[in-house]
Amino acid sequence: MSQQTTIRKLAELVNTPVDKLLEQLAEAGMKFSDPDQAITSVEKLKLHNFLRRAHGKTASVAEEPAAPGKITLSRTRKQEITVTGGAKGSRSASTVEVVTRKKITLRTGAKGGDGATKVDPALDPERAEALRKLEESRARNLAEQQALVERDRQRAEELAEIQRLEREAAERAAAEAAAAALDADTGAGREDAGKSKHHGHAKPAPATPRAGDKAGPAKGKAHRGSHAMVSGVEDDDSTARFAGKLHLSAGDRARRTSVRTKGRLQKRGPDPSRTGTGFNKPTAPVVREVAIGEAITVADLAQKLALKGGDVVKMLFKMGVMATITQTIDHDTAVLVTEELGHKAVAAVADDAESELLARVGGDQRELAPRPPVVTIMGHVDHGKTSLLDYIRRTKVATGEAGGITQHIGAYHVETDKGTISFLDTPGHAAFTQMRQRGARLTDLVVLVVAADDGVMPQTIEAIHHAKAGNVPLIVAINKIDKSDADPSRVKNDLLAHEIVAEEFGGDVQMVELSAKTGLGVDDLLDAIILQSEVLDLKAAPEGRASGVVIESALDKGRGPVATVLVQQGRLSKGDYLVCGIQYGRVRALFDETGRQVADAGPSIPVQVLGLSGVPDAGDDFVVVADERLAKDVAQQRESRRRELRLVASAGNRMEDIMAQMGDGAAQQTLNLVVKADVHGTMQALREALEGLSNDQIRINVIGSGVGGITESDAQLAVTSKATVIGFNVRADASARKVIEANGVDLRYFSIIYDVIDQVKQVASNVLGKEVREEIIGTAEVRDVFRSSKFGAVAGCMVTEGVVKKSKPIRVLRDNTVIFEGELESLRRFKDAVDEVRVNTECGIGVKAYNDVQPGDVIECFERVEVQRTL
Ligand code: GDP
C-alpha cells in the first residue's frame, strides 16, 4: 500500500484541479504548501472528513480499487485488505492489481481510449486479462461494501431490539415495584425493592403471575450459561448466586438477554455459544464508543478508551503526532487515534442534551409580564457609588422589623411607589465586565455616578465605554451636589464630548442631580430608573421553571455553598432542582437581602440559594430542571465541555479567532479596537484615523479609547468584545497583563502613528481575506497532432503569446470555447523535455488525461494568483 499519498494524487482521485482543491482545503482551514508532499495520517483524516463534508466525493473514492488505502480511514482499509487478501490469498495480490490498473490507464490512454475502452482479447490478451481482473476486484469491493451496510443494518435492528427489551423490563420493574409497595406487609418485598433500586432495573417478583409463567428454572439456567461465556470467565460465585435465584422475572431475563446479545455484538466474531467453552476469550476487543468534543487531552481520551495514556501517546506517535499525556489534541486527531485504536468516535452529545433542555425552559409558551429593572452603578473612584448604594439600601430596603439589618449578598431590591428596582451592589467595572465576559446580560441599565465637584474622570469614560459596548442605557447621577464647589453643568458639558447628551441639550440621557450624603435627589433617581425601564419595556415570565444568573457565591462554613442568584425568568422555589454552572442541587432554602427566608423569588429578584453541590462562579447561569438526575447529568456534561472550551481557548490565538470569525460572513465585518495613548491629542487623532479606515466591507470600531496606561478594565473590555488593544507610548499594568495573557488578547504597542494605521490596515485586509485571480501567461496553437505509444496524443504547437510552462494548468480551446481543463503531461522542444517554452517557438505538448486534441485548437496556459484584498 503506497504511503506517499499527496494532495496531487487526491486531486486526481476526486477529479478536481490541484489548485482548486488546495483552495478549498485552505478555506476549510487546511493549508498545504506543497501538493506533492506526502500527507500524514492525521492530515488524511482531516482530508477524509473534508471530502465527506465538502466534496461529497469520498464514496466514489472508496469505490476505486486503487484509492481506499490512500484516503479512507484505516479501519475501512483494514476491512478491505482482509477481504481482498482473503479472496486472493495474500495482501500483495491487491497491490499488484493496483499497479496493473495504473499501467492500463496509461496504455489505453496512449491509444486514444479513455480507460474504459473494451479491449479485444484476441488483440491484446494481457490487457484484456488485466481489465477483467480489475472488473472483478471492483465487483468484490462493491459486494463487500454492501455486506458492510447490511451488517450495520442488522446490528441496528438488534440494538433496537435490545433497547425495546430494556424499556419493557424497566416498565415492568416499575409496575412490580408499585405492586410491592402495595403489598408492604412482607419484609422480603422491601428488600427486593431495595435491590431493584440498586440495579436500576427489574427485580425478582414471584408474586407477578406474568413473570412466573415464563421464568422457569430451566430457562434461568440456560441464560446463566450464556452469561458466563460472555464474560469469558466461569464465575463460581455468580453461578451460585444465580443458582439460588430460580425465579427470574421477565425483566431479569430481558436484561440478561440484552447483555448476552450485546456481548455477541461487541465480539463481532462467530457466535461463542457455538465455539465452545466458557474459557474462550473474545476474539476481538470491545469497541467503545467515545464522545469527543472540540478538543481533549491525551489523558482524558485514554481514560475514555480505558487505555493507558502511554498507549495513546504511542499510537499518536505512529501517526506522526508528537504529544504528551497532558497535551491537548484537536477533535479530528482524537477521532483518528480513536478509530486507529479500533474504537468508535461519536459526536459529543453534551451540547444537544443541554440545548434541548434549555430550549425547553426558554421555549415554554409562558405569559410574559413586566419585570423590575436590574441596575448596576458605575463611575470613577470616590465619586460616591458605595455611598449611593448604601443610602438606597439603608432607606429603601424593607427590613421588616425595626432595627433589622440588611446583608450584603451581592444585590438587593427596593420597592418604590412607582415600582420595584433591583441593584447589583458590587459597584465598579470589573463586576460588570466579568459578567458580560461570561455572556450573562444581567444589567438593564447603568447609573453612572459623576461627582459634581470632580467632573468627568478616566474611569467615568471607561464606564461609558463599557455601557456602550454592552449596549446598556445610561442614567447619569451627578453626585455630591451638597458640596459648595459642585458644578453640575460642567459635568453635563464634559459628558457631551463622550456622546452622552442630557435631555436638556436635546439628547436622550436622563441626568439627576443628587447627594448620596443627604439623600437629596435620590428619589428622583429612582423615578428616572423606573421611567427608563418603562421605556425599555422589560418583560419576563413570572411563573414556571426559573432560570437566571449567579451574582455572587461563597463557601459558608456552616451552610455550605451559598450562591446569590438573580432570577431572570420564571419563579425559583424551595425544593426546586437546579443546574448552576457546573454545579447542581436542590434548593434547600432561599434568603432575601435582609436575611429572611423566602419561599420563592420571581424575575429580577436576587435571592440567596442554599443546597448546591459546590460553589458556582459569578456569572454562571442557572436553570431549574425536572429532577436531580437530569440536573447532575447536565452539570457533568457542562463540566467536561467547559474543560474542552478552556483547552481550545488556551490553544487558540486571539487575532486568528477574530479573523476566522470574520472571515466568511458576507455582511460587513467589524474589527474592534481598544486604543490607549499617552496624550489626548494623539488618542483623538488615532481614533479618527482608524475609524476612517472603515468601508463597506469592514467597520473599524474603536470601542474604547483613553489617555494613560492599559488597565485591567481595558483588558476586560477587549476580552468581552474580542478587541485588539493598541497601546501608543503606553504600557499595560500588571493586572491588565494578567488578563491579557489569560485570555490571549491581541495587544500591540506602537510609537509611530503611521505604524498603527499600517498594521490595522493589514489586520483589516486579512479580515477581508484573499482573492484568487487567474492570469493567462501564454497561448499555443495546435498545428499538428502525433500519436505516440509512449506519450499518447502529442500536440505539435507554436507558442503564439507569452510563455507555456510545464508546471502550470492549461485549458484547451476550440473555437474560443473551453473544451478541457487540466495539466500538461509533457512539454518538449524537439526531443528534450523542457520546463517552459517562450513565444514564437515550436513545441510538443502532451495533455494529461486528454487525447482528443486537434489541429487548430488553442492551448492556453494560466496561473492562479492569490491577491490579498486590501482597503
Ligand atoms: P466610591 O469609591 O465611588 O464608592 O465612593 P464612596 O461612596 O466611597 O465615596 C467617596 C467619598 O465621597 C466618601 O468619603 C463619601 O462620604 C463621599 N461622598 C459620597 N457621596 C457624597 C455626597 O453626596 N456628598 C458629599 N459631600 N460626600 C459624598
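Bear in mind the structure is a predicted one, so any value in this text is a computation, not a measurement.

Caption draft 1: Representation of the overall build of the protein chain. Within the protein chain, the regular secondary structure consists of 29 helices and 34 strands. Here the protein chain, with 871 residues, has 45% of them falling under the buried criterion. The contacts of the protein chain with a sequence gap of at least 6 include a subset with a gap of at least 24, amounting to 71%. Carbon together with sulfur atoms contributes 51% to the accessible area of the protein chain, which is approximately 43900 Å² in total.

Caption draft 2: How the structure looks around the sheet that holds strand S9 (residues 445–451). Taking strand neighbours across the sheet as the criterion, the six strands line up as S7-S8-S6-S9-S10-S11 in an open arrangement whose pairing is mixed. A strand with exactly one partner marks an edge of an open sheet, and here the two such strands are strand S7 (411–415) and strand S11 (510–513). Averaged over all adjacent pairs, the angle separating strand axes in this sheet is 30°, with direction ignored. Here strand S6 (residues 374–379) runs beside S9; their pairing, made up of five bridges, is parallel. Across the sheet, the residue bridging to Thr376 is Val446, located in S9. Of the strands in this sheet, S6, S7, strand S8 (420–424) and S9 touch helix H19 (residues 385–396), which is tilted by about 50° from S7. Against the sheet, helix H21 (residues 458–469) touches S6, S9 and strand S10 (474–479), its axis set at about 170° to S9.

Caption draft 3: Layout of the packing of H19 against helix H23 (residues 522–536). Between H19 and H23, whose axes approach to 11 Å, the crossing angle comes to 90°. Relative to H23, the element H19 lies roughly perpendicular. Counting all contacts with H19, which are made through Leu388, Tyr391, Ile392 and Lys396, the residues of H23 involved are Val522, Asp523, Leu525 and Leu526. Of the residues that constitute the contact of H19 with H23, the class distribution is six nonpolar, no polar and two charged.

Caption draft 4: Inspection of the state of the cysteines at higher detail. Applying the stated criterion to the full structure yields zero disulfides. In this model Cys843 remains outside any disulfide bridge; the closest cysteine sulfur is found in Cys797, 5.1 Å from its own. Assessed through its relative accessible area of 7%, Cys843 is described here as buried.

Caption draft 5: Here's a closer look at the site of the ligand. Close to the ligand lie 15 residues, the nearest being Asp382, Lys385, Thr386, Ser387 and Asp482. With respect to the ligand, the backbone of Asp382 contributes an N or O atom lying 2.7 Å from an oxygen atom. Residue Lys517 places a main-chain N or O atom 3.3 Å away from an oxygen atom belonging to the ligand. In isolation the ligand offers 570 Å² of accessible surface; the protein chains occlude 72% of this area. Per-class residue counts for the shell around the ligand are two nonpolar, seven polar and six charged.

Caption draft 6: Up close: the environment of Val446. Mapping Val446 onto the fold places it in strand S9. Between the C-alpha atoms of Val446 and Val374, which are 72 residues apart in sequence, the distance is 8.8 Å.

Caption draft 7: Structural detail: the packing of H21 against helix H27 (residues 712–721). Viewed as axis vectors pointing N to C, H21 and H27 meet at an angle of 10°, and their least axial separation amounts to 11 Å. In terms of their interaxial angle, H21 and H27 are classed as roughly parallel. Contacts from Glu462, His465, His466 and Ala469 in H21 reach Ser713, Asp714, Leu717 and Ser721 in H27. The class makeup of the residues in the contact of H21 with H27 is two nonpolar, four polar and two charged.

Caption draft 8: Structural view of the nonpolar core. Grouped together as the largest cluster of nonpolar side chains are 25 residues, with contacts concentrated most on Leu388, Ile392, Ile421, Phe423, Val447, Leu525 and Ile529. Every element with two or more residues in this core is listed here: S6, H19, S7, S8, S9, S10 and H23. With six residues, H23 is the single largest residue contributor to this core. Beyond its immediate sequence surroundings of up to four residues, Val447 is in contact with Val375, Thr376, Ile377, Met378, Leu388, Ile475, Ala477, Leu525 and Ile529. Core analysis: the second largest hydrophobic core is formed by 22 residues, Val804, Val812, Leu824 and Cys861 among them.

Caption draft 9: Examining the pattern of salt bridges more closely. One pass over the structure, following the stated rule, counts 31 salt bridges. For Lys396, the salt bridge identified is with Asp523, shortest N-O distance 2.7 Å. Pair noted here: Lys396 is in helix H19 and Asp523 is in helix H23, with a separation of 127 residues, a long-range link. On the basis of relative accessibility, which here comes to 44%, the residue Asp523 falls in the partly exposed class. A cluster of three or more residues bridged by salt bridges with shared partners is formed by Asp19, Glu774, Arg811, Glu821, Glu860 and Arg864.

Caption draft 10: Region of interest: the environment of Asp34. Note that Asp34 resides in the loop between helix H2 (18–27) and helix H3 (41–55). For Asp34 and Ile7, which are 27 residues apart along the polypeptide, the C-alpha to C-alpha distance reads 8.1 Å. Here Asp36 takes part through its backbone nitrogen, which lies 2.8 Å from a polar atom of the side chain of Asp34.

Caption draft 11: Spotlight on H27. In terms of burial, H27 is largely enclosed, as nine of its ten residues are buried. For H27, the full list of buried residues reads Ser713, Asp714, Ala715, Gln716, Leu717, Ala718, Val719, Thr720 and Ser721. Lys722 occupies a position one or two residues after H27 and carries a positive phi of about 50°.

Caption draft 12: Seen up close, the pairing of strand S27 (residues 792–805). The element S27 is largely enclosed, with a buried count of ten among its 14 residues. Judged from the ten bridges that link them, strand S26 (residues 770–788) and S27 form a sheet pairing that is antiparallel. Residue pairing in the sheet places Asp784 in a bridge with Gly796 of S27. Here S27 pairs with strand S33 (residues 842–847) via five bridges, running antiparallel.

Caption draft 13: View of the pairing of strand S20 (residues 606–612). With seven of seven residues buried, S20 lies mostly within the body of the structure. Pairing analysis gives five bridges linking strand S14 (residues 560–569) to S20, with the strands arranged antiparallel. Counted as the bridge partner of Val562 is Leu610 from S20. The sheet contact formed by strand S17 (residues 583–591) and S20 spans four bridges and is antiparallel.

Cut-offs and rules
Residues numbered from 1 in each chain as written. Predicted model: local features only at pLDDT ≥ 70, side-chain atom pairs only at ≥ 80, totals over all residues. Heavy atoms only, no water. Helix = DSSP H or I, 4+ residues; strand = E, 2+ residues; numbered from the N terminus. Buried < 20%, exposed > 50% of the residue type's maximum accessible area, 1.4 Å probe, protein only. Contact = heavy atoms within 4.5 Å. Areas by Shrake-Rupley, 256 points an atom, 1.4 Å probe, with all protein chains shown as cover. Pairing = 2+ DSSP bridges. Axes fitted to C-alpha atoms, helices over the stretch in contact; angles between N-to-C directions. Parallel < 35°, antiparallel > 145°, perpendicular 65-115°, else oblique. Nonpolar A, V, L, I, M, F, W, Y, C, P; charged D, E, K, R; others polar. Disulfide = S-S within 2.5 Å. Near = heavy atom within 4 Å. Polar contact = N/O pair within 3.5 Å; in protein donor to acceptor, adjacent residues only side chain to side chain. Core = buried A, V, L, I, M, F, W, Y, C linked by side-chain atoms within 4.5 Å. Salt bridge = Lys/Arg side-chain N within 4 Å of Asp/Glu carboxyl O.

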